Structures are given as C-alpha cells and as structure tokens.
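# Structure assessment
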Amino acid sequence: MSAVLEVRGLTVGFGAGASVVCDVDWSVDAGRTLAVVGESGSGKSVTAMSVLRLLASPPAEYRGGSIRFTDPDGGRVTDLLRADARELSRIRGGRIAMIFQEPMTSLNPVMSIGEQLIETIRVHQECGAREAAGIAEKALDDVGIRKRAGGSILRAYPHEFSGGMRQRVMIAMAMACHPAVLLADEPTTALDVTTQRQVLDLLDERKRATGMAMVLISHDLGLVRGRADEVCVMYRGRVVERGAVAEVFAGPIHPYSRALVACSPRIDRKPGRLATIDDAMADGTMMREFEARVGKRAWWPGGGEALMECVAPGRWVAVAG
Ligand code: ADP
Ligand code: MG
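How each quantity is defined
Residues numbered from 1 in each chain as written. Chains lettered and ligands numbered in written order. Predicted model: local features only at pLDDT ≥ 70, side-chain atom pairs only at ≥ 80, totals over all residues. Heavy atoms only, no water. Pairing = 2+ DSSP bridges. Helix = DSSP H or I, 4+ residues; strand = E, 2+ residues; numbered from the N terminus. Axes fitted to C-alpha atoms, helices over the stretch in contact; angles between N-to-C directions. Parallel < 35°, antiparallel > 145°, perpendicular 65-115°, else oblique. Left-handed = near helix turned anticlockwise from the far one by under 90°. Contact = heavy atoms within 4.5 Å. Salt bridge = Lys/Arg side-chain N within 4 Å of Asp/Glu carboxyl O. Core = buried A, V, L, I, M, F, W, Y, C linked by side-chain atoms within 4.5 Å. Buried < 20%, exposed > 50% of the residue type's maximum accessible area, 1.4 Å probe, protein only. Expected span 1.5 Å × (residues − 1). Near = heavy atom within 4 Å. Polar contact = N/O pair within 3.5 Å; in protein donor to acceptor, adjacent residues only side chain to side chain. Areas by Shrake-Rupley, 256 points an atom, 1.4 Å probe, with all protein chains shown as cover. Nonpolar A, V, L, I, M, F, W, Y, C, P; charged D, E, K, R; others polar. 1 Å grid on protein atoms, 1.4 Å probe; cavity = no way out; pocket = protein on both sides within 12 Å on 5 of 7 lines; lining within 4 Å. Points joined across faces, edges and corners; volume = space filled by probe spheres on them.

Here the focus is the sheet that holds strand 4 (residues 60-70). If you walk across this open sheet you meet the four strands as 2-1-4-5, and the pairing is antiparallel. The two strands at the open ends of the sheet, each matched to only one other strand, are strand 2 (19-29) and strand 5 (77-79). Direction aside, the axes of adjacent strands within the sheet are offset by 5° on average.

Attention now moves to the packing of helix 4 (residues 113-124) against helix 5 (residues 129-142). Running from amino to carboxyl end, helix 4 crosses helix 5 at an angle of 110°, the nearest separation of the two axes being 9 Å. Viewed along their axes, helix 4 and helix 5 adopt a mutual orientation that is roughly perpendicular. Two packed elements cross with a definite hand, and for helix 4 against helix 5 that hand is right-handed. Facing helix 4, whose interface residues are I113, L117, I118, I121 and R122, helix 5 presents A129, A132, A133, I135, A136 and L140.

Moving on, we come to the pattern of salt bridges. Across all of its chains, the model carries 19 salt bridges by this definition. The shortest N-O distance in the salt bridge between R227 and D201 comes to 2.9 Å. One end of the pair, R227, is in the loop between helix 8 (221-224) and strand 9 (230-235); the other, D201, is in helix 7 (residues 193-210), and 26 residues separate them in sequence. Salt bridges here are not isolated pairs; linked through shared partners, they connect E6, R8, D25 and R68.

For the rest of this paragraph, the subject is the nonpolar core. Counting 57 residues, the largest nonpolar core has V37, I121, L140, I171, L182 and L203 as its most contacted members. Top contributing element to this core by residue count: helix 6 (residues 163-175), with seven residues. Leaving out residues up to four positions away in the same chain, L140 has contacts with I113, L117, I145, I153, L154, V169 and A172. Core analysis: the next-biggest nonpolar cluster, separate from the first, contains 35 residues, A48, F69, L88 and A180 among them.

On to helix 6, then. Between its terminal C-alpha atoms helix 6 stretches 18 Å, which fits the 18 Å expected from 13 residues at 1.5 Å a residue. Here helix 6 has its buried residues at G164, R166, Q167, R168, V169, M170, I171, A172, M173, A174 and M175.

Another aspect to go through is the site of ligand 1. Taken together, the neighbourhood of ligand 1 is formed by F14, V20, E39, S40, G41, S42, G43, K44, S45 and V46. Here an oxygen atom of ligand 1 sits 3.0 Å away from a polar atom, N or O, in the main chain of G43. Within the side chain of S45, a nitrogen or oxygen atom sits 2.9 Å from an oxygen atom of ligand 1. For ligand 1, whose accessible area on its own is 560 Å², the fraction buried by protein is 57%. Considering every element that reaches the shell around ligand 1, the biggest residue donor is helix 1 (residues 44-51), with three residues. Looking at the shell around ligand 1 residue by residue, the classes come out as three nonpolar, five polar and two charged.

Looking now at unusual backbone geometry. A cis geometry characterises the amide bond from S57 onward to P58, with omega recorded as 0°. Residue position: P58 is located in the loop between helix 1 and strand 4. Cis geometry marks the peptide bond from P58 to P59; its omega dihedral reads 5°. Within the element layout of this structure, P59 appears in the loop between helix 1 and strand 4. Even without glycine at this site, H178 takes up a positive phi of about 55°. Position of H178 among the secondary structure elements: in the loop between helix 6 and strand 7 (181-185). One non-glycine residue, R236, lies in positive phi territory at about 50°. Along the polypeptide, R236 turns up in the loop between strand 9 and strand 10 (238-244).

It is worth spelling out the packing of helix 4 against helix 6 at this point. One way to put it is that helix 4 packs onto helix 6 with a least axis distance of 9 Å and a crossing angle of 25°. In terms of orientation, helix 4 lies roughly parallel with respect to helix 6. Relative to helix 6, the crossing made by helix 4 is right-handed. Residues I113, Q116, L117 and T120 of helix 4 form the contact with helix 6, whose participating residues are V169, A172 and M173. Residue composition of the contact of helix 4 with helix 6, grouped by class: five nonpolar, two polar and no charged.

Another aspect to go through is empty space enclosed by the protein. Taken as a whole, this structure holds one cavity of 30 Å³ or more when the rule is applied. As for the largest cavity, its lining consists of L221, V231, V233, V248, F249, S257, L260 and V261. Within the residue set of the lining of the largest cavity, elements represented by two or more residues are strand 9, helix 9 (245-250) and helix 10 (255-263). Looking at which element gives the most residues to the lining of the largest cavity, the answer is helix 10, with three residues. Residues belonging to the lining of the largest cavity are distributed by class as follows: seven nonpolar, one polar and no charged.

Structure below.
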C-alpha cells in the first residue's frame, strides 16, 4: 500500500513565536483511517489546516517539512506546502475535503443548502446547473437527507436543520466531489452522544463506500477506538507515539499516551477514579519504564530535541534527542 497523504517533518509557527507544530510525521493510505488525537492546543487543527494551506500566512509560517499528496486517480504527486494557488484551489474541496467541528460557521446562513452544494460542485466538476442539482440531491441522499414532501430539499436553509443534520449537510458537501482524502477535524464535538455516533457511523460508511482515506481528528481517544486503523498521539505540537490503533490502545509506550489511555473513559469499563493526565505524569514510574523498554529517555516538553524511534514495525515513539 502506498500513502495517499504523507506529512513529513511539518513545522509551523505564528509570527515570531515558537513552533506550535514541530517535526510532525504521519501518513494515511487509501481506504484507511488515521486518527490524530491529543488534548486541546496540541496542534491537531494547525496540522490539518496546513494540509490545505488554510492558515492565513502571515502570521502562520510554514517552517519546514513537506506534505505529499499522491492522487490515487492518475497518480499525480503534489507537495501541498509548495503548490501554487491554482493547484491548491483544484485540490481543496475537490481532491482533499475537510469538515470542521461547527457546521454553522462553515455554512452560509443566507444561502439555501442547494445553492451552496451546487456552487461547490460546479467549482470542481464540469457540469451544468441541472446536472449539479442532481449530484447535490444524490450527495444529500447518501448522507440520509431525503426529499421532503413540500418540495426540493435543495431549497432548505441551514437554520431549518438540527446540529446533526447540518453536519450531515457538511459531509454531503465534502463528499460531493468524491475526494481522495477527507480531513475531519473534531467532526462531532458539538453534537450530543447519540448524534455523534450516527455521524461517525456515516463517515465510516462513506469511507467504505468510496475507498477514500480519512484523517479523523479528536481530543477524545475513546471516540476513535474501533474507528481508526492507525493513531498518532500529539502533545504540545509533537507526535509522541504513532502506530496501529489496537496496539497503541492495548499497550501505549510513551508516558503521555499511557496517561491519555489511562484517563480515557471506556464504555466497556466502569469508570473508577479517573486520574488526570497530570496525576499520571507526576509519578516518575512511566518514565523509568519507558527507558527500560526503549533504552532511551522519553521526549518531554522542555527536554530539547525529539527524535522518533522505531520500536516495532510501524510503531514509533518520541525519544529525547
Ligand atoms: P488543537 O486543534 O490540537 O486543539 P491547535 O492546532 O488549534 O490545537 O493549536 C495549536 C497551538 O497553536 C495552540 O497553542 C494555539 O494557541 C496556537 N495557534 C493556533 N492558531 C493560532 C493563530 N492563528 N495564531 C497564533 N497561535 C495560534
Ligand atoms: Mg482543534
């Protein structure tokens, strides 16, 4: 399998500040889901926004690395960090789509959802208005939004929908152009638990139906369990651990991922005393166990350079350089 999207050494900062994303490496293959997890502020959104170069620059500064997109349709390779504006607008929303946490901020309240969908479709696909309307209806149907009795669903406005339905509209919009990659940044954080599950199931189903690659970003480790193939744990702008999701959950190695797994509530386990990450870290045991296992000290913020150490096939942890 070869990667559809490969991030290497990505380093991003704002203005004169320290880098908020530092030397980030990950990749995702067609038909697979990579989960990017980590607490709020760890650099997940900056990483995702960098893929499509959506950060206003300045102040954002891409300080290093590459983001290689290999289009499974035709094999064309693009380094997104170096692509020109024309190439970027072709890829954005067309070959790589993104959905965000709060659909209301991405939907235009004064345009019907049909107008918005049709506009997106016509930017990326050569077709007339009528054909685009057909594609839009099909895209909405795919996410479970059906024609209504009174007239076309395309004439509805965003405020007529619930939060969960609006997120479905966003997914329809993202999927309408058959992207090779979907970046989903906290796609269900604003939704209640039941709706969360439905939207995640829908994303899984769309991924299976289309064979696209998905990057699922969440602060909630529990949410990605069972929904991702690989996981990449971020802490303070760094990747601290990366590997197959089942392995990382079953036996996290880096002290931060161990703390994160230990503190993540599980549906199949009665929550006992939920330790905080800080509690778990204050105890030096995990650091010592890491050193005993890996033979090097774990990287820790303030501890200087980090290097990624391969501890098993496909399994990487951050060690102090
Ligand atoms: P996450 O998505 O993991 O919660 P972000 O990627 O949004 O975190 O943010 C990572 C860090 O970058 C945070 O410290 C945040 O304050 C900083 N940051 C994000 N956007 C900007 C910006 N436009 N200007 C300055 N700092 C920013
Ligand atoms: Mg974020």
